[in-house]
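Each chain, letter by letter, is given below.
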Amino acid sequence: QVQLVESGGGLVQPGESLKLSCAASGSILSINVMGWYRQAPGKQRELVASITRGGRTDYADSVKGRFTISRDNAKNTVYLQMNSLKPEDTAVYYCNADGLATSLIQFTSWGQGTQVTVSS
């Protein structure tokens, strides 16, 4: 079983910053891709950013230049540094990890979600 524990969400004003963290634990052999998704009220869940084990990244157009995804492979942890936050960034943010368990079975795990609210 693989668990993802998120932290770092909260309430900030426009223009401020937040850093989200997500640590994976359990029977993990390796994690290939980790990512952050978000879902705003009444909207479809969307990919915000993803990162491979080798460090290749992908970002939604709406966050390019403002958000940075990174990971610490030794700690099985992914981060999302969010700068210049806008009210449109308000959403529940979910961490995701795809990899191999120690049984060599592929897994997909999701965090519980953390609320990010950007408001004056």
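These figures come from a predicted structure and were not determined experimentally.

## Digging into the sheet that holds strand β1 (residues 2-7)
For step 1, the next point in the chain: The antiparallel open sheet is built from 4 strands, whose spatial order is β1-β3-β8-β7. Two strands in the sheet have a free side with no partner beyond their single neighbour: β1 and β7 (67-72). Within the sheet, the average angular offset between the axes of one strand and its neighbour, ignoring direction, is 15°.
For step 2, the next point in the chain: Where strand β3 (residues 18-26) lies against strand β8 (residues 77-82), 6 bridges are found, and the strand directions are antiparallel. From the neighbouring strand, Leu 18 faces β8, where its bridge partner is Met 82.

## Some points on the state of the cysteines
For step 1, the next point in the chain: If you walk through the whole model with that rule in mind, you get 1 disulfide.
For step 2, the next point in the chain: A sulfur-sulfur distance of 2.1 Å marks the disulfide that ties Cys 22 to Cys 95. Between Cys 22 and Cys 95, the S-S torsion sits near -85°, and that sign places the bridge as left-handed. Note that Cys 22 is positioned in strand β3 and Cys 95 in strand β9 (residues 91-101), a separation of 73 residues in sequence. Comparing Cys 22 with Cys 95, the two get one shared label, buried.

## Describing the packing of aromatic side chains
The geometry of an aromatic ring pair is captured by two quantities: the separation of the ring centres and the angle between the planes.
For step 1, the next point in the chain: Counted by the stated rule, this structure contains 1 aromatic pair.
For step 2, the next point in the chain: Sitting over the face of the ring of Tyr 79, Lys 19 holds its NZ or CZ atom 4.8 Å from the ring centroid.
For step 3, the next point in the chain: In this arrangement the basic side chain of Arg 45 is found over the ring face of Tyr 37, its NZ or CZ atom lying 5.6 Å from the centre.

## Details of the nonpolar core
For step 1, the next point in the chain: Trp 36, Leu 80, Met 82 and Tyr 93 are the most contacted members of the largest nonpolar core, which has 32 residues in total.
For step 2, the next point in the chain: Contributions of two or more residues to this core are made by β1, β3, β4 (28-39), β5 (46-52), β7, β8, β9 and β11 (114-118).
For step 3, the next point in the chain: For this core, the element with the highest residue contribution is β9, accounting for 5 residues.
For step 4, the next point in the chain: Not counting residues up to four positions away in its chain, the partners in contact with Leu 80 are Leu 18, Lys 19, Leu 20, Trp 36, Val 48, Ala 49, Phe 67, Thr 68, Ile 69 and Tyr 93.

## Focus on the pattern of salt bridges
For step 1, the next point in the chain: The final tally for this structure, using the stated rule, is 4 salt bridges.
For step 2, the next point in the chain: Of the charged contacts in the structure, one is a salt bridge between Asp 89 and Arg 66, with a shortest N-O distance of 2.8 Å. A residue pair is termed long-range when its members are at least 10 positions apart, and Asp 89 in the loop between β8 and β9 and Arg 66 in the loop between β6 (57-59) and β7 qualify at 23 residues.
For step 3, the next point in the chain: You can call Asp 89 buried: its relative accessible area is 2%.
For step 4, the next point in the chain: The exposure class assigned to Arg 66 is buried, which follows from its relative accessible area of 11%.
For step 5, the next point in the chain: Overlapping salt bridges bring together Arg 38, Glu 46, Arg 66 and Asp 89 as one network.

## Considering the environment of Gln 13
For step 1, the next point in the chain: Within the element layout of this structure, Gln 13 appears in the loop between β2 (10-12) and β3.
For step 2, the next point in the chain: Along the backbone, Gln 13 and Thr 102 are 89 residues apart, and their C-alpha atoms lie at a distance of 43 Å.
For step 3, the next point in the chain: Discounting residues that sit within four places of it in the chain, Gln 13 has contacts with Val 118 and Ser 119.

Parameters and conventions
Residues numbered from 1 in each chain as written. Predicted model: local features only at pLDDT ≥ 70, side-chain atom pairs only at ≥ 80, totals over all residues. Heavy atoms only, no water. Pairing = 2+ DSSP bridges. Helix = DSSP H or I, 4+ residues; strand = E, 2+ residues; numbered from the N terminus. Axes fitted to C-alpha atoms, helices over the stretch in contact; angles between N-to-C directions. Disulfide = S-S within 2.5 Å. Buried < 20%, exposed > 50% of the residue type's maximum accessible area, 1.4 Å probe, protein only. Phe/Tyr/Trp six-rings, centres within 6.5 Å; stacked < 30°, edge-to-face > 60°. Lys NZ or Arg CZ within 6 Å of the ring centre and 35° of its normal. Core = buried A, V, L, I, M, F, W, Y, C linked by side-chain atoms within 4.5 Å. Contact = heavy atoms within 4.5 Å. Salt bridge = Lys/Arg side-chain N within 4 Å of Asp/Glu carboxyl O.

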